[in-house]
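# Inside the fold
Chain residues, written in single-letter form:
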Amino acid sequence: GTSVSSLSGAISIGPVLKGKCIVDGFDIQHGTGVALLSPIAGKYGGAIWVTNSTVEIANCYLHDNGATDGSYGAGGGIYATGSTVDITATEIALCSAVQGGAIFLENCSGSISGSNIHNNTLSYGAHNSDGGGLYIANSSTVALSGNTIDQNIADPALGNGLSGGGIYIKNTTSVTMDGDVVSNNDAGVSGGSGSGGGILAQASGLTMNGVTLDGNRAKIFGGALSVDAASTLSMTGGAVTGNTALI
């Protein structure tokens with residue numbers, strides 16, 4: 001593999017109008033993201049930033065990357081917008097952002113499979129701090145399978161929101177999960193708010209098959225899972241054990 005260390009920014013991809021960009025076998029660390037004024041002024045994609053492209057990220061190790069300017073940042077490991085993104089056999093750890101400690105997908109489709117997303121955190125900012133591991137928003141179809149999403153924390157000091165310790169899903173047509181393990185994630189446990197220790201879904205479709213939700217914690221609602229009235233949920237098999245919340 002190839003090691004990329006101490007990036008001043010991130011690996012930037014797109015727009016790629018034809019074909020697919022493949023990032024395979026990279027160790028990417030200490031990236032600081034791409035500074036943008038829109039959609040919100042801040043930093044995006046601590047390690048990898050993608051726009052209007054088709055991208056495959058495979059067999060990579062993204063760690064110790066961050067996306068924040070003190071006010072806003074999205075996707076401590078990966079940020080993608082308007083793209084098709086497939087992530088396979090990739091480890092993302094010790095990354096941080098205001099939203100989406102590991103991954104932020106906006107207006108995307110694609111998949112995440114066989115990957116380990118762990119020990120990512122959220123930073124304080126002027127906007128809500130949600131999605132300790134993944135933040136999926138305004139997207140069409142995203143398929144998760146065989147991933148471990150563990151020990152991600154949505155709980156920055158003095159932060160707001162603090163929901164979706166493992167995964168935060170908002171305004172997304174369909175997220176499917178098959179055989180994933182979502183464990184030991186925290187949503188606002190030490191703060192004043194926080195729901196969906198494992199997963200939080202708002203105005204989205206969520207289908208879960210054989211998913212394990214274990215040991216997740218939330219300050220208020222849904223230690224394992226919080227789904228609002230505007231969402232749909234189908235859950236088959238799996239296990240829900242050892243999760244805690246106030247309500």
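If you're wondering where the values come from, they're calculated on a predicted model, not measured in any experiment.

### With respect to the packing of aromatic side chains
Following the criterion strictly, the structure yields five aromatic pairs and no others. For the pair Tyr 79 and Phe 104, a centre-to-centre distance of 5.4 Å together with 35° between the ring planes defines the contact as tilted. Here Tyr 79 is found in strand 12 (residues 78–81), whereas its partner Phe 104 is found in strand 16 (residues 103–106), with 25 residues between them in sequence. As far as burial versus exposure is concerned, Tyr 79 and Phe 104 are alike and both buried.

### Notes on the nonpolar core
Core analysis: the largest hydrophobic core is formed by 40 residues, its most contacted members being Ile 48, Ile 103, Leu 134, Ile 167, Met 177 and Ile 199. Those residues in contact with Ile 167, other than ones at most four positions away along the chain, are Leu 134, Leu 144, Ile 149, Met 177, Val 182, Gly 198, Ile 199 and Leu 200. Counting 13 residues, the second-largest nonpolar core is a separate cluster that includes Val 34, Val 98, Tyr 135 and Leu 200.

### A word on unusual backbone geometry
In this structure, the amide linkage connecting Gly 14 to the following residue, Pro 15, adopts the cis form with an omega of 0°. Turning to its location among the elements, Pro 15 is positioned in the loop between strand 2 (11–13) and strand 3 (21–24). Cis rather than trans, the peptide bond between Ser 38 and Pro 39 has omega equal to 5°. With respect to the element layout, Pro 39 can be found in the loop between strand 5 (34–36) and strand 6 (42–44). The phi dihedral of Asn 119 is positive, around 55°, even though this residue is not glycine. Since its relative accessible area comes to 28%, Asn 119 is described here as partly exposed. Backbone geometry at Leu 162 places phi at a positive 60°, although glycine is not the residue there. With respect to the helices and strands, Leu 162 occurs in the loop between strand 23 (153–154) and strand 24 (167–170).

### Quick look at a nonpolar patch on the surface
Judged by side-chain polarity, Phe 221, Leu 246 and Ile 247 come together as a nonpolar surface patch covering roughly 360 Å² of accessible area. Mapping Ile 247 onto the fold places it in the segment after strand 34 (239–241). Residue class for Ile 247 comes out exposed when judged on its relative accessible area of 62%.

### Quick notes on the pairing of strand 28 (residues 199–202)
Side-chain positions along a regular strand alternate between the two faces of the sheet. With four bridges joining them, strand 24 and strand 28 adopt parallel strand pairing. Across the sheet, residue Ile 169 finds its bridge partner in strand 28, namely Ala 201.

### A word on the side chain of Thr 172
Assignment of secondary structure puts Thr 172 in the loop between strand 24 and strand 25 (174–178). Within the local environment of Thr 172, its side chain forms a polar contact with the backbone nitrogen of Ser 139, the two atoms lying 3.3 Å apart. When near neighbours in sequence (up to four residues on either side) are disregarded, Thr 172 contacts Ile 136, Ala 137, Asn 138, Ser 139, Ser 140, Ala 203, Ser 204 and Gly 205.

### Here's the deal with the sheet that holds strand 5
Hydrogen bonds along the backbone pair up the strands of a sheet, which may run parallel or antiparallel. If you trace the three strands from one edge of the open sheet to the other, you get 5-6-11, paired in mixed fashion. Every other strand in the sheet has two partners, leaving strand 5 and strand 11 (73–74) as the edge strands with one partner each. Sheet topology note: the strand 6/strand 11 ladder contains two bridges and is parallel. Considered in strand 11, the bridge of Lys 43 is made with Gly 73.

### Some points on the pattern of salt bridges
Enumeration over the complete set of coordinates arrives at two salt bridges. Glu 56 is paired through a salt bridge with Lys 20; the nearest N and O atoms lie 3.6 Å apart. Taken together, the residues Glu 56 in strand 8 (residues 54–58) and Lys 20 in the loop between strand 2 and strand 3 connect sequence positions 36 residues apart. Since its relative accessible area comes to 24%, Glu 56 is described here as partly exposed. With a closest N to O distance of 2.6 Å, Asp 186 and Arg 217 form a salt bridge. With a gap of 31 residues between them, Asp 186 in strand 27 (residues 186–187) and Arg 217 in strand 31 (residues 217–218) connect regions that are remote in the sequence. Classification of Asp 186 as buried rests on a relative accessible area of 11%.

### A short note on the environment of Thr 121
In this fold, Thr 121 is placed in strand 19 (residues 121–122). A sequence separation of 90 residues divides Thr 121 from Gly 31, and the C-alpha atoms of the two residues are 15 Å apart.

Parameters and conventions
- Residues numbered from 1 in each chain as written.
- Predicted model: local features only at pLDDT ≥ 70, side-chain atom pairs only at ≥ 80, totals over all residues.
- Heavy atoms only, no water.
- Phe/Tyr/Trp six-rings, centres within 6.5 Å; stacked < 30°, edge-to-face > 60°.
- Helix = DSSP H or I, 4+ residues; strand = E, 2+ residues; numbered from the N terminus.
- Buried < 20%, exposed > 50% of the residue type's maximum accessible area, 1.4 Å probe, protein only.
- Core = buried A, V, L, I, M, F, W, Y, C linked by side-chain atoms within 4.5 Å.
- Contact = heavy atoms within 4.5 Å.
- Patch = residues over 30% accessible without salt bridge, like charges linked within 9 Å, V, L, I, M, F, W, Y side chains within 5 Å.
- Areas by Shrake-Rupley, 256 points an atom, 1.4 Å probe, with all protein chains shown as cover.
- Salt bridge = Lys/Arg side-chain N within 4 Å of Asp/Glu carboxyl O.
- Pairing = 2+ DSSP bridges.
- Polar contact = N/O pair within 3.5 Å; in protein donor to acceptor, adjacent residues only side chain to side chain.

By themselves, these observations are geometric and do not establish any function.
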